[in-house]
Amino acid sequence: MKSALFAIIACFASTVPALAAGTGGEIVDMTATGMGIVALVLFVAAYSLVILEEKLHLRKSKPVLVAAGIIWVLVALAYQALGRPEHAHGAIMHNLTEYAELFLFLLAAMTYINALEERNVFQALRSWLVNKGFTLRTVFWLTGLLAFFISPVADNLTTALLMGAVALAVGGSNTSFVVVACINIVVAANAGGAFSPFGDITTLMVWQKGKLQFFEFFAIFVPSVVNWLIPAFIMSLAVPKEKPEVADEAVHMKLGAKRIMALFLATIATAVSFHNFLHLPPAVGMMLGMGYLSFFAYWLKKKEDRLLSGDNPLDVTGHKHETFDLFRKIAKAEWDTLLFFYGVILCVGGLGQFGYLAMVSKFMYLDLGPTTANVLVGILSAVIDNIPVMFAVLTMDPQMSHGQWLLVTLTAGVGGSLLSIGSAAGVALMGSARGIYTFGAHLKWTWAIALGYAASIVVHLFLNARLFTP
């Protein structure tokens, strides 16, 4: 029965060229085989469901988890039929290692962000902005500026939600202001995240892969500024200078908030030091940083227990005050996002084992050239999430100069701003400003965003020309 099964598989894979069979870990070209085609169709179907997440209300992690498992079943069967049963195991272990590093890094970062949110850090900032009585145009520029500089430390999703809440609170019923403010925030958050390893998943992957060192990312700071400023200036002309009503809202940070911010900065410094000086994965440094937070959480919980042990254990809102619990912050991590990354990494890795990434790499980076290819990566990331696109590029591992790796980092980071569905920041704001900030509303300003996209590329090619030498 087993031999008959392998015979069927061998027939199914009969169009495989024998160019790499039996040569160690080299990948066999199976792009034209039945199994390879089924794997590709399965990935396209799963990702179509991801794109339709808002319509179907189906969590994005679910289709890619199923697709990843089935694709690797096909990979294992195909290579067993070729007499290389160990190949699939070695390949999937490589992908799992890459995912484990990303998972631990993000888990620590998300825990810190959740801790800061629970300590009212973001709410206090929002309250301060809302109560200042700025004009709508000033709020437009302030929310964009803060989004640009907060996203490199936090992430573009959290930053967009925070600044979007400010725009909604200030704008109120002025829908035209809310729309351009949300678009400005999305562009600024994505542009700000592009020049920092902590600002976006794609930059994090490039850094962890060792393609660029931590401080080398800052070479695209000016292009990132240009990417935001050009569409921001154009859209600001549509924002009136009128003053909205000042909201009577005051939010104060809770005990320990500033110390958690300091610990987060210390954690970032630890992760950078682990990578630059000890040549260890940044994820290990981030987990050490979570250790900092865990000890501080122990002290904070004891302190709050003492403060709330009196006769009035209620907070200012009249609700029972819960003491700080680190594991509640871990539980509130974006698990759907973390599992989505697992599915995407394994799906793309599986397609790579069938030879699709090698085929695409040859077409894009040899036939079209790296500059054209990297510009197209950014445009593609506006339709398909930039995470699978960047992971595919890293898996293809084309031979490129530092300047080209910076270019693809820039384009993958800011290309998602072209459409509202092109980045996590855009999708999140469509949810929080439902019915106001929509796909169509964003599309009306795509031409201005595209001008910024093109200008940022030109500025990078000019300013960092020396980095394009192999």
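Quantities reported herein were computed from a predicted structural model and do not represent experimental measurements.

(A) Highlighting unusual backbone geometry. Phi at His57 is positive, roughly 55 degrees, even though this residue is not glycine. You can see His57 is positioned in the loop between helix H3 (53-56) and helix H4 (61-81). Residue His57 is classed as exposed on the basis of its relative accessible area of 69%. Of note, the phi angle at Asp397 is positive, near 50 degrees, even though the residue is not glycine.

(B) Layout of the pattern of salt bridges. Evaluation of the coordinates by the stated rule reveals nine salt bridges. Among the ionic pairs, Lys60 bridges to Asp336, the shortest N-O distance being 3.2 Å. Taken together, the residues span a long stretch of sequence, with Lys60 in the loop between H3 and H4 and Asp336 in helix H15 (residues 335-353) at a distance of 276 residues. Of the two residues, Lys60 and Asp336, neither departs from the other in class, the shared state being buried. Between Lys209 and Glu98 there is a salt bridge, with the nearest N and O atoms lying 2.4 Å from each other. Of the two residues, Lys209 sits in the loop between helix H10 (201-208) and helix H11 (221-236) while Glu98 sits in helix H5 (residues 85-118), which places them 111 residues apart along the sequence.

(C) Spatial organisation of helix H18 (residues 386-396). Taken across its eleven residues, H18 has ten buried, putting it largely inside the fold. For H18, the set of buried residues is Asn386, Ile387, Pro388, Val389, Met390, Phe391, Ala392, Val393, Leu394 and Met396. Remark: Asp397 follows H18 within two positions and exhibits a positive phi of approximately 50 degrees.

(D) Main features of helix H17 (residues 370-380). Within H17 the residues assigned to the buried category are Ala373, Asn374, Val377 and Gly378. With its buried residues spanning 145 degrees around the axis, H17 presents them on a single face. On its buried face, H17 is in contact with helix H16 (356-368), H18, helix H19 (402-414) and helix H22 (446-463).

(E) Inspection of the packing of aromatic side chains at higher detail. Enumeration over the complete set of coordinates arrives at 27 aromatic pairs. On the numbers, 6.1 Å between centres and 70 degrees between planes, the contact of Phe198 with Phe214 is edge-to-face. On the criterion of sequence distance, the pair formed by Phe198 in the loop between helix H9 (175-194) and H10 and Phe214 in the loop between H10 and H11 is long-range, its members being 16 residues apart. Like Phe214, Phe198 is buried. Ring centres of Trp207 and Phe214 lie 5.6 Å apart, and the angle between their planes is 65 degrees; this geometry places the pair in the edge-to-face category. Over the ring of Phe340 we find Lys60, and its NZ or CZ is 5.8 Å from the ring centre.

(F) Representation of the nonpolar core in the model. Phe198, Phe354 and Tyr365 are the most contacted members of the largest nonpolar core, which totals 144 residues. In terms of residue count, H5 provides more of this core than any other element does, 15 residues in total. With sequence-adjacent residues up to four places away left out, Phe354 is seen in contact with Val28, Asp29, Met30, Thr31, Met35, Gly36, Ala39, Ile71, Leu74, Val75 and Ala78.

(G) Region of interest: the packing of H9 against helix H20 (residues 424-432). Orientation of H9 relative to H20, taken along the N-to-C sense of each, is 155 degrees, at an axis distance of 9 Å. In terms of orientation, H9 and H20 fall into the roughly antiparallel class. Between H9 and H20 lies a crossing of right-handed hand. Side by side, H9 and H20 meet where Cys182, Ile185, Val186 and Asn190 of the first sit next to Ala425, Gly426 and Leu429 of the second. Its residues assigned to classes, the contact of H9 with H20 comprises five nonpolar, two polar and no charged.

(H) Up close: the packing of helix H6 (residues 121-131) against helix H8 (residues 156-171). The geometry of H6 relative to H8 is characterised by a closest axis approach of 10 Å and an angle of 30 degrees between their N-to-C directions. Put simply, H6 runs roughly parallel to H8. Helix-helix and strand crossings are classified by hand; for H6 and H8 the assignment is right-handed. Across the interface between the two elements, Phe122, Leu125, Arg126, Leu129 and Val130 from H6 touch Thr158, Leu162, Met163, Ala165, Val166, Ala169 and Val170 from H8.

So, how was this worked out
- Residues numbered from 1 in each chain as written.
- Predicted model: local features only at pLDDT ≥ 70, side-chain atom pairs only at ≥ 80, totals over all residues.
- Heavy atoms only, no water.
- Helix = DSSP H or I, 4+ residues; strand = E, 2+ residues; numbered from the N terminus.
- Buried < 20%, exposed > 50% of the residue type's maximum accessible area, 1.4 Å probe, protein only.
- Salt bridge = Lys/Arg side-chain N within 4 Å of Asp/Glu carboxyl O.
- Arc of directions from axis to C-beta.
- Contact = heavy atoms within 4.5 Å.
- Phe/Tyr/Trp six-rings, centres within 6.5 Å; stacked < 30°, edge-to-face > 60°.
- Lys NZ or Arg CZ within 6 Å of the ring centre and 35° of its normal.
- Core = buried A, V, L, I, M, F, W, Y, C linked by side-chain atoms within 4.5 Å.
- Axes fitted to C-alpha atoms, helices over the stretch in contact; angles between N-to-C directions.
- Parallel < 35°, antiparallel > 145°, perpendicular 65-115°, else oblique.
- Left-handed = near helix turned anticlockwise from the far one by under 90°.
- Nonpolar A, V, L, I, M, F, W, Y, C, P; charged D, E, K, R; others polar.

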